[in-house]
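Here's the letter readout for the chains.
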Amino acid sequence: MLWAIIRRVAIAVITLLLATLVVFAAVHALPGGPATALSVDGTSPRVVAATAREYGFNRPLVIQYGVWLGQAVRGHLGTSPITDLPVSSQIAQRIPITAELAVLSLLIAIVIGIPAGVLAAARPGGIWDWIASVVALGGLSIPHFWFGILVILLFAVHLHLLPSGGFIPVTQGLGGNLEHMLLPAVVLGTGLAAVLMRQTRSAMLESLGADYVRTARAKGVPEWKVIGVHALRNSLITVVTVIGLQLGGLIAGIVTVEEVFDIPGIGQLTLDAVYQRDYSTLQGVILLTAAAYIIANLLVDLAYAVLNPRVRATEARA
Amino acid sequence: MTLLEIDDLRVRFGTAEGPVLAINGLSLALAEDEVVALVGESGCGKTLTGLSVLGLEPPGARVDGRIWFRGQDLRTAPAKRLRSVRGGEIAMIFQEPMTSLNPAFSVGRQVAEALRQHRKVSGRQARDRVMELFELVRMPDPRQHLHQYPHQLSGGMQQRVMIAMAIACEPAVLIADEPTTALDPTIQAQILDLLADLRSRLHMAVLLITHNLGVVADIADRVVVMYAGHKAEEAPAGELLRSPEHPYTVGLLNAVPQPGMHRGTHPLTPITGLVPVLRQPPEGCVFGPRCPLVTEQCQREPPQPREVAPGHLAACFRPGELSPGAGGAEDRGRPAAAGQGPA
Amino acid sequence: MTAAAGALTAPHRHWARLPFAGRPLAQAGAIGAFIVVAIAVFGPLAAPHNPSATSFSDVLAPPLSPHHLLGTDQLGRDVLSRLLYGARTTLEAGVFATLLATLLGLPIGVVSGYFRGALDVVIMRLIDVTLAFPFLLLAVGLAAISGPSLWNAVLALGVAQVPAVARIARGETLSVRELEYVQAALVNGERSIAIMRRHVVPNVLSPVIVATTVAIPGSIVGAAILSFLGLGVQPPTADWGAMLAQSESYLNQSVWLGIIPGLAIFIAALSFNLLGDGVRDALDPKRRR
């Protein structure tokens, strides 16, 4: 178990290092080099050259990478030429907002998706299976941003029940915060819930046909426990892997939903940086996202190891 | 005294090409303390019989008939009563211990679950009892096995865990479905020995489902031979092995290697053809297409089990006309008799 | 019991001969996907107006207006015409991205699986790193380097799907490699390139094609997302995602502007999803319910 964890962490660290290398290389591949990139459009060549000296862009690439990595590790991601603010503080400001959105939507997805999948698998071909499968297909096919527009139209424009967008920090009142977070979290959670439901259903159908389920029934275990403990526990192993595969999609979803609901999170910061060609900020955000993604994947791997005794004992995962 | 009685069991599966009859009118009784072996080829419905007793038949199966247990029909018993019977009064072990144990839980927990389902015991008491059970099924290190997972145990050990789980609540009946088929031959003998020992210690009645007549000789009191969902013959174990009356039983015995048999003099004789898949109740005897003695009468009406000697039933119009070691070999090649199953 | 189970499965093989018979959802998906593709191919011919023609006297007309069946947008452009033209853009992006993923992923996976050893380890590790970059970040990076465009969106979506295709191709190659005729070709001294082209690729192709068919709806929605975020198709080109993005500011005046293009994306994605499910179920008997 311990070795499995150490191995996973080591792989995650290596992947992260490679990711930083890619980000670093990408910025240096920019037309005109990083100094041009770090300058606002239309800056005179003389100022660009000064920027290059200031940031040490005339030194060998390897040393530049080392310096840059060392600073990035300590949280120094440079200063945005557009806002003149340190990139790290801008990111720090927005992390809690995006984290809240991500956690809430993941929670909604799990609370809806897994029980719906279990319910559907309990009676395959039954009315609940049919309803859940059709709803899930819809949820899978509906693009986040359009679903977002639809719920804004319904709940904000038409019914005036909830705000159409924006954000209120928890410090200014939990009610207002949740009021603004509810629709985005539901929109983001629905697509994920659909994926989870489909995966849970198919994993449960496989588990419920397994011999050990028959054994559980043969020893008098009540049906809710057969489904909810014996079959579900084995199905969760597959479902957790699927959650890991969905993380990339979740990140894309966060950016779109933040755009639709005008939430000032990391996604909006990223898009603003693209539109304004603010490369320092972009570099920082991409690095952060890659790190978050890799760490989330690591957590999924660990959850997988906890759920699956075979991995725990032998750490043999294909 | 009869403890468990299967009365006119019929199991059907609906398919796109019409219903398939898996079991057609099977009756059998199990007395207290008795070991009855249910014998037949793969696909003859013996496993399904065991599962039907506990209401564990696969989805899509339509089961008719009665399962009398302690004065109650389990097929119509309320769900709660059925659950208390399962594992509490009638326990079952299966052919594949590897897949029959839940890979996600420790074996200790799985055995304890069987116990706690039917007895009010504390966690500590359950654990102590599980260790006791592990000792009873002769596992070498009960304390260590408690926390092991199925994949960490050998097939023989896994089957011991399954047996420990089954006897946890000292059931009156144990249904053992091919408990040794998936195991190595040396382990097979150990497990059979263990089962024989446990049943005399715990006074269990055992329904032993097997395709192996060699196993039968060792531990069964009575034998029921099944063919294509029908009962072909039923007799005390010794008598059945000595003087089988039904040509199918004779065929089965001829296919079993006997000690002292020499190559050449007594060749092993296979029964030609396959067990038929029955799409409707057959016109005549289900074994007719493979039977060396088949007559016109056999093709017209199905023979019912009749008493041919005290306690010895055979569903055949010409019982006892084929004797072991002879018969089959000469008739084997008859084209009319071979492979006419409607498969 | 086993014989009965065997008899139970037999009729399904008989079903499999007719495509999607007894699967109304898959049939609906096939029909829907066919219609969407037909619109993408022939839609522009049927468009009643020039999709870029603005008319400031006719701004934000509701659907069922005299000259505009689905109304007009904030610049007075005909929504139906833009929708018909946009089908081509949106579908093109999705299909090209999937095609790109196949063209890159197939050789990578085949080479990796064929040569195995150190090369395989390095390629697979690199693939893992690529997986660590969500497609949106890739698109963001490309847009940042060379400016947002449809082709950058296609490139990002395609590259993001390469790992999945490469993995399938590698797995299949590993097993095809062991087949006797491939071994025979090896013994005969045929060149590796020839063996891969003549023996391995044809065998690997069909599972890869199934995987990519299933991935098409994801690409379509992905392309729409990128256009919506301004990282894909640039105005004034008609595209379903871009149409939605432009509608956002006018939702109070014209609800339809926000509903119609989204419905189009939804229907296209749903059809391809249903079709994909059907294809997968038909080819994988284990997934039959």
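Quick notes on the overall build of chain B
Within chain B one finds 13 helices and 12 strands. A buried classification covers 49% of the 343 residues belonging to chain B. Contacts spanning at least 24 positions in sequence make up 67% of the contacts within chain B whose residues lie at least 6 apart.

Considerations on the overall build of chain C
Scanning chain C from terminus to terminus reveals 10 helices and zero strands. Listing each helix as α and each strand as β along chain C from the N terminus yields α-α-α-α-α-α-α-α-α-α. With 289 residues in all, chain C has 48% of them scored as buried. Taking as baseline every contact in chain C between residues at least 6 positions apart, the subset at least 24 positions apart corresponds to 70%.

Focus on the interface of chain B and chain A
Chain B puts 24 residues into the contact, and the matching count from chain A is 17 residues. When contributions to the side of chain B that touches chain A are tallied by element, the ones reaching two or more residues are α2 (79-85), α3 (97-100) and α4 (107-118) of chain B. Ranked by residues supplied to the side of chain B that touches chain A, first place goes to α4(B) with four residues. Looking at side-chain class alone, the side of chain B that touches chain A contains 10 nonpolar, 10 polar and four charged residues.

Comments concerning the nonpolar core
Counting residues in hydrophobic clusters, the biggest one holds 264 residues, and the most contacted among them are B:V111, B:A164, B:V173, C:A139 and C:A153. Element by element, the count of residues in this core is highest for helix α10 (residues 223-261) of chain A, at 18 residues.

So, the sheet that holds strand β5 (residues 72-73) of chain B
Residue and element names in this part refer to chain B. Judged by pairing direction, the sheet is antiparallel, and its four strands sit side by side in the order β2-β1-β4-β5 without closing on themselves. The open sheet is flanked by β2 (20-31) and β5, the only strands paired with a single partner. Here eight bridges tie strand β1 (residues 2-13) to strand β4 (residues 61-69), and the two strands are oriented antiparallel to one another. Across the sheet, residue L4 finds its bridge partner in β4, namely F69. In the packing of helix α1 (residues 46-53) onto the sheet, the strands contacted are β1, β2 and β4, and the crossing angle to β1 comes to about 115°.

Looking at the interface of chain A and chain C
It is common to report an interface's size as the accessible area lost on association of the parts. Between chain A and chain C, the contact holds 36 residues from the first and 34 residues from the second. Taken together, the elements giving at least two residues each to the side of chain A that touches chain C come down to α1 (2-28), α6 (127-141), α7 (144-158), α10, α11 (266-275) and α12 (279-307) of chain A. Class assignment for the residues of the side of chain A that touches chain C results in 26 nonpolar, eight polar and two charged.

Examining helix α4 (residues 61-73) of chain A
With 13 residues, α4(A) ought to run about 18 Å at 1.5 Å a step, and its terminal C-alpha atoms sit 18 Å apart, in line with that. Once α4(A) ends, the next one or two residues include A:G75, with phi positive near 90°.

What about the environment of C:V162?
Residues and elements named next belong to chain C. In this structure, V162 sits in helix α6 (residues 150-176). Take V162: there are 21 C-beta atoms within 10 Å of it, and that puts it in the buried class. For the pair V162 and L25, spaced 137 residues apart in the sequence, the C-alpha separation amounts to 29 Å.

Focus: the packing of α6(A) against helix α8 (residues 174-208) of chain A
Residues and elements named next belong to chain A. At their nearest, the axes of α6 and α8 sit 8 Å apart, and the two run at 135° to each other. The angle between α6 and α8 places the two elements in the oblique class. For the pair α6 and α8, the sense of crossing is left-handed. Along the contact surface, α6 presents A132, A136, G139 and L140, while α8 presents T190, G191, A193, A194, V195, M197 and R198. Residues that form the contact of α6 with α8 fall into these classes: seven nonpolar, three polar and one charged.

Here we look at the environment of A:I263
Residues and elements named next belong to chain A. For I263, the location among the structural elements is in the loop between α10 and α11. Judged by C-beta crowding, with 23 C-beta atoms within 10 Å, I263 ranks as buried. Sequence spacing of I263 and I168 is 95 residues, and the spatial spacing of their C-alpha atoms is 9.3 Å.

Re the confidence of the model for chain C
Residue and element names in this part refer to chain C. Averaged over all residues, the pLDDT of chain C equals 78, while 87% of them reach at least 70. Mean pLDDT across the secondary structure elements of chain C bottoms out at helix α1 (residues 2-15), with 41, and peaks at helix α3 (residues 79-115), with 88. The model gives residues 1-17 a pLDDT under 50, and that stretch makes 26 contacts with residues more than four places away or in other chains. Every residue in residues 285-289 scores below 50 in pLDDT, and together they form seven contacts with partners more than four places removed in sequence or on other chains. As a predicted assembly, this complex carries a pTM of 0.79 together with an ipTM value of 0.84.

Observations regarding the pairing of strand β7 (residues 173-177) of chain B
Remember that side chains alternate between the two faces of the sheet whenever the strand is regular. Residues and elements named next belong to chain B. Where burial is concerned, most of β7 is hidden: five out of the five residues are buried. Residues V173, I175 and D177 of β7 are buried on one face, and the alternating residues L174 and A176, pointing to the opposite face, are buried as well. Note: strand β6 (residues 90-93) against β7, four bridges, orientation parallel. The partner of I90 across the bridge, within β7, is V173. Bridge analysis of β7 against strand β8 (residues 205-210) gives five bridges, and the strand direction is parallel. Residue D177 lies in a different strand from β8, and its bridge partner there is I209. Taken together, β7, helix α8 (residues 185-202) and β8 constitute a β-α-β crossover, and its handedness is right-handed.

Comments concerning the pairing of β8(B)
All names here are of chain B. Of all six residues in β8, six are buried; the element is thus mostly enclosed. Every second residue of β8 is oriented toward a common face, with A205, L207 and I209 on one face and V206, L208 and T210 on the other, all of them buried. Across five bridges, the pairing between strand β3 (residues 35-39) and β8 is parallel. Bridge assignment links L38 to a residue of β8, and that residue is I209.

Regarding the packing of α10(A) against α11(A)
Residue and element names in this part refer to chain A. Packing of α10 against α11 brings their axes to within 8 Å, and their N-to-C directions diverge by 85°. In terms of axis orientation, α10 runs roughly perpendicular to α11. Of α11, the residues touching α10 (which contributes I254, V255, E258 and E259) are G267, Q268, T270 and L271. Considering only residue class, the contact of α10 with α11 consists of three nonpolar, three polar and two charged.

Focus on the sheet that holds β6(B)
Residues and elements named next belong to chain B. A sheet is described by the order of its strands in space; here eight strands give the open sequence β6-β7-β8-β3-β9-β10-β12-β11, paired in mixed fashion. The outermost strands of the open sheet, each flanked by one partner alone, are β6 and β11 (306-309). Here the strands of the sheet are splayed against their neighbours by 20° on average, with no regard to which way each runs.

Points about helix α7 (residues 155-167) of chain B
Residue and element names in this part refer to chain B. For α7, built from 13 residues, the straight-helix expectation of 18 Å at 1.5 Å per residue is met to within 8% by its first-to-last C-alpha distance of 18 Å. Among the 13 residues of α7, 11 are classified as buried, and the element is accordingly described as predominantly covered. Residues M157, Q158, Q159, R160, V161, M162, I163, A164, M165, A166 and I167 constitute the buried set of α7. Buried positions along α7 lie against β6, α3, α4, α5 (123-136), β7 and α8.

Side note on the environment of B:L56
Inspection of the secondary structure assignment puts B:L56 in the loop between α1 and β4. Placed 41 residues apart in sequence, B:L56 and B:T15 show a C-alpha to C-alpha distance of 19 Å. When neighbours within four sequence positions are excluded, B:L56 is seen to be in contact with A:R214, A:R217, A:A218 and B:L51.

As for unusual backbone geometry
What you tend to see is this: most non-glycine residues have negative phi, and most peptide bonds are trans. All names here are of chain B. The residue R70 is not glycine, and still its phi comes out positive at about 50°. For R70, a count of 12 C-beta atoms within 10 Å puts it in the exposed group. Its identity as a non-glycine residue notwithstanding, R138 has a phi of 60°, on the positive side. Tracing the backbone shows R138 in the loop between α5 and α6 (142-145). A residue is classified by how many C-beta atoms lie within 10 Å of it, and R138, with 15 of them, is partly exposed.

Reading guide: rules and limits
- Residues numbered from 1 in each chain as written.
- Chains lettered and ligands numbered in written order.
- Predicted model: local features only at pLDDT ≥ 70, side-chain atom pairs only at ≥ 80, totals over all residues.
- Helix = DSSP H or I, 4+ residues; strand = E, 2+ residues; numbered from the N terminus.
- Buried ≥ 20, exposed ≤ 12 C-beta atoms within 10 Å, placed from the backbone.
- Contact = placed C-beta atoms within 7 Å.
- Nonpolar A, V, L, I, M, F, W, Y, C, P; charged D, E, K, R; others polar.
- Core = buried A, V, L, I, M, F, W, Y, C linked by C-beta atoms within 7 Å.
- Pairing = 2+ DSSP bridges.
- Axes fitted to C-alpha atoms, helices over the stretch in contact; angles between N-to-C directions.
- Expected span 1.5 Å × (residues − 1).
- Parallel < 35°, antiparallel > 145°, perpendicular 65-115°, else oblique.
- Left-handed = near helix turned anticlockwise from the far one by under 90°.
- pLDDT = per-residue confidence, 0-100.
- Right-handed = clockwise from strand over helix to strand, strands pointing away.

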